[in-house]
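# Understanding the architecture of this molecule
Okay, here's what each chain looks like letter by letter:
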Amino acid sequence: MNCLICNTEAQRIKTMGDWVEQDCPACGRFRVSGALFADMKTNRQAFNVEKARSWLDKQRAENRAENQDDHSPLIDSPDSGLVLD
Ligand SMILES: [Zn+2]
């Protein structure tokens, strides 16, 4: 499955949660909520690669600060400016 953000070949991580989790060599590891994933497919939307990556970096820094770096950042909102129309 290609990376939902940058479309390069990425690994899909199997999880029990309601999200798609991927490990991309360029974007790192992240999750996209099932609802957002379905919305984006329906509307043929794509992520803004630059914005999505910098958002993920910020989330990871926050997770590290809270000693939660085992949690991959979850993208669950289309209105965070990460999704192109
Ligand atoms: Zn990627």
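Up top is the structure these notes are about.
Residues numbered from 1 in each chain as written. Predicted model: local features only at pLDDT ≥ 70, side-chain atom pairs only at ≥ 80, totals over all residues.

Below, the discussion takes up the nonpolar core. If you look at the biggest cluster of nonpolar residues, it comprises 15 residues, and the most contacted ones within it are C3, I5 and C27. Residue assignment for this core shows that the elements contributing at least two residues are β2 (19–24), β3 (28–33) and α2 (49–65). Excluding its chain neighbours within four sequence positions, the residues that come into contact with I5 are C24, C27, F47, V49 and A52. (Core = buried A, V, L, I, M, F, W, Y, C linked by C-beta atoms within 7 Å. Buried ≥ 20, exposed ≤ 12 C-beta atoms within 10 Å, placed from the backbone. Helix = DSSP H or I, 4+ residues; strand = E, 2+ residues; numbered from the N terminus. Contact = placed C-beta atoms within 7 Å.)

This part is about the pairing of β2. Bridge analysis of strand β1 (residues 11–13) against β2 gives three bridges, and the strand direction is antiparallel. In the strand pairing of β2, Q11 is matched with D23. Adjacent in sequence and paired antiparallel, β1 and β2 are bridged by five residues. Sheet topology note: the β2/β3 ladder contains six bridges and is antiparallel. Across the sheet, V20 pairs through a bridge with V32, a residue of β3. A loop of three residues connects β2 with β3, the two strands running antiparallel in sequence. (Pairing = 2+ DSSP bridges.)

Moving on: the pairing of β3. Judged from the two bridges that link them, β3 and strand β5 (residues 74–75) form a sheet pairing that is parallel. Following the sheet pairing, R31 is matched in β5 by L74.

Moving on to unusual backbone geometry. The phi dihedral of N7 is positive, around 70°, even though this residue is not glycine. The phi dihedral of R44 is positive, around 50°, even though this residue is not glycine. Within the fold, R44 resides in the loop between α1 (34–42) and β4 (46–47).

We now examine the environment of N43. Looking at the secondary structure, you find N43 in the loop between α1 and β4. The class of N43 is exposed, set by 11 C-beta atoms lying within 10 Å. Expressed as a C-alpha distance, the spacing of N43 and D85, which sit 42 residues apart in the sequence, is 8.5 Å.

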